[in-house]
Amino acid sequence: MRKINQGIHQFQTNYFTTHREMFEQLALGQHPRILFITCCDSRIDPNLITQTQPGELFIVRNIGNIIPPYGATNGGEGAAIEYAIQSLDIKDIVVCGHSHCGAMKGLLQPSGLNEELPLVHDWLKYAEGTRRLLRYNYKGVEGEDLLNAAIEENVITQLDNLRTYPIVHARLYSGQLNLHAWVYKIETGGIFVYSADRCNIQAKHEDGMAVVEAVPLFVNQVAKE
Ligand SMILES: [Zn+2]
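Residues numbered from 1 in each chain as written. Predicted model: local features only at pLDDT ≥ 70, side-chain atom pairs only at ≥ 80, totals over all residues.

With respect to the overall build of the chain
Let me state the cut-off plainly: Here a strand is any run of E in DSSP of at least two residues, a helix any run of H or I of at least four, and the numbering for each starts at the N terminus. Neighbour density around each residue's C-beta defines its exposure: 20 or more other C-beta atoms within 10 Å make it buried, 12 or fewer make it exposed, and counts between make it partly exposed, where C-beta atoms are placed from the backbone. Residue pairs qualify as contacts under a 7 Å threshold applied to their C-beta atoms, which are placed from the backbone.
Counting its secondary structure elements, the chain contains ten helices and eight strands. Across the 225 residues of the chain, 25% fall into the buried class. For the chain, the proportion of contacts with a sequence separation of at least 24, taken over those separated by at least 6, is 66%.

Structure, rendered in C-alpha cells:
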C-alpha cells in the first residue's frame, strides 16, 4: 500500500495540477467513444496501450474478458453494455484478450479449478463455447499453440455473446455499432486484430479428421494515424 499511497500523492501534486482543465471538463460529464472489454490481468493497461486519456474509454474488466450471453445472468457486464450503448451512445466495442491469459489456461483444464476456485470455474462456463470449439476443431494442437488458439477463439466467442444482447443486435442491424476483436501481446506490445475477411480458420478434412491449418486468425495491427 505504501507504493500506491506515494503514487496518489504524486498524482495530485504533479499530474493533476498540470491537467487540471481536463479534469474540470471531465467533472461535467463523460463522453467516451469506445467500450473496452478486457481481462482483469494486472499486466494490461487499456489507457496505456491505446494512449488514451481519462474519459475516453468506458472499461469493463473481468476474468477472461467474458461477456455472459444475454439473459444468462443479471451481472454487471450486461448493465455496462446497455449503458454504454443506450446512454453514452458508444458506437465501437473492443473485446481485448491477451497473451498468457490465466483464465484461458484454466478453461483448458477446468477439472483442476472446481476444488480450489469454484467461482472461477463457474464463471468460465460463459466461455464453454470456446472450450468446445477447441476440443472439436483443434485436435492435435497442444501446449502454447493451444493456449494461443484459446485466447484468440475466446475473443471471437465473446463477440458472438455480445450479439445476443438486443441492443447490440439492433444497433448492428442499423450499422450504428462496430465490434472489434483484439489480442494484446504482453511481451511485444503488439495488438493483433481479428479480420474475418482476410484470415480465417482453415480446417481440411482428412480421413474424417479435421486438420487445422496454421492460418492466423488475427493480424498485427500496424500503428497508423
Ligand atoms: Zn487474462
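On we go from here.
Details of helix 4 (residues 76-87)
Let me state the cut-off plainly: The length a helix should cover is 1.5 Å for every residue beyond the first. What the arc covers is the set of directions going from the helix axis to the C-beta atoms.
Over its twelve residues, helix 4 runs 15 Å from end to end, which matches the ideal 16 Å to within 8%, given 1.5 Å per residue. Taken residue by residue, helix 4 has Glu77, Ile81, Ala84 and Ile85 as its buried positions. Within helix 4, the buried residues cover an arc of 85 degrees as seen down the axis, which keeps them to one side. Of the exposed residues in helix 4, the ones pointing more than 90 degrees away from its buried face are Gly76, Ala79, Gln86 and Ser87. Looking at the buried positions of helix 4, the neighbouring elements they touch are strand 1 (34-39), strand 2 (57-62) and helix 10 (166-173). Immediately downstream of helix 4, the backbone of aspartate 89 shows phi near 55 degrees, a positive value.

Section: unusual backbone geometry
Backbone geometry at glutamine 51 places phi at a positive 50 degrees, although glycine is not the residue there. Tracing the backbone through its elements, the reader meets glutamine 51 in the loop between helix 3 (46-50) and strand 2. If you check the backbone angles, histidine 100 has positive phi at about 60 degrees while not being a glycine. Inspection of the secondary structure assignment puts histidine 100 in the loop between strand 3 (92-98) and helix 5 (102-108).

Regarding the pairing of strand 4 (residues 178-184)
Here is the rule: Strand pairing requires that DSSP identify at least two bridges connecting the strands.
Bridge analysis of strand 3 against strand 4 gives seven bridges, and the strand direction is parallel. Opposite cysteine 96, over in strand 4, you have tryptophan 182 as the bridge partner. Pairing of strand 4 with strand 5 (residues 191-194) involves three bridges; the strand directions are antiparallel. Considered in strand 5, the bridge of valine 183 is made with phenylalanine 192. Hairpin connection, strand 4 to strand 5: the antiparallel pair is bridged by six residues, and glycine 189 has positive phi, about 80 degrees.

Concerning the sheet that holds strand 2
Which entries qualify depends on this criterion: Interaxial angle, 0 to 180 degrees, is taken between N-to-C directions of lines fitted to C-alpha atoms, where a helix line uses only the stretch in contact.
Spatially, 2-1-3-4-5-8 is the arrangement adopted by the six strands of the open sheet, whose pairing is mixed. Bordering the open sheet on either side are strand 2 and strand 8 (218-220), each of which pairs with just one other strand. When the angles between neighbouring strand axes are averaged without regard to direction, this sheet yields 30 degrees. With respect to the sheet, helix 4 is in contact with strand 1 and strand 2, its orientation differing from that of strand 2 by roughly 170 degrees. Across the face of the sheet, helix 9 (residues 143-162) comes into contact with strand 3, strand 4, strand 5 and strand 8 while running at roughly 160 degrees to strand 4.

Regarding the nonpolar core
Here is the rule we go by: Throughout this description, the term nonpolar core refers to a group of buried Ala, Val, Leu, Ile, Met, Phe, Trp, Tyr and Cys residues whose C-beta atoms join them within 7 Å.
Grouped together as the largest cluster of nonpolar side chains are 42 residues, with contacts concentrated most on Leu35, Ile37, Val94 and Trp182. Elements with a contribution of two residues or more to this core: strand 1, strand 2, helix 4, strand 3, helix 5, helix 9, strand 4 and strand 5. Take this core: its biggest share by element is six residues, from helix 9. Ignoring sequence-local partners within four residues, the contact set of tryptophan 182 consists of Val94, Cys96, Val155, Ile191, Phe192 and Val193.

So, the confidence of the model for the chain
Threshold: Known as pLDDT, the predictor's confidence for each residue is given on a scale from 0 to 100.
In this model, the chain carries a mean pLDDT of 89, and residues with pLDDT of at least 70 account for 88%. This stretch, residues 197-205, has a pLDDT under 50; its non-local contacts, to residues over four places away or in other chains, come to 18 contacts. Below pLDDT 50 for its whole length, residues 208-212 participates in 13 contacts with residues either more than four positions away or in separate chains.

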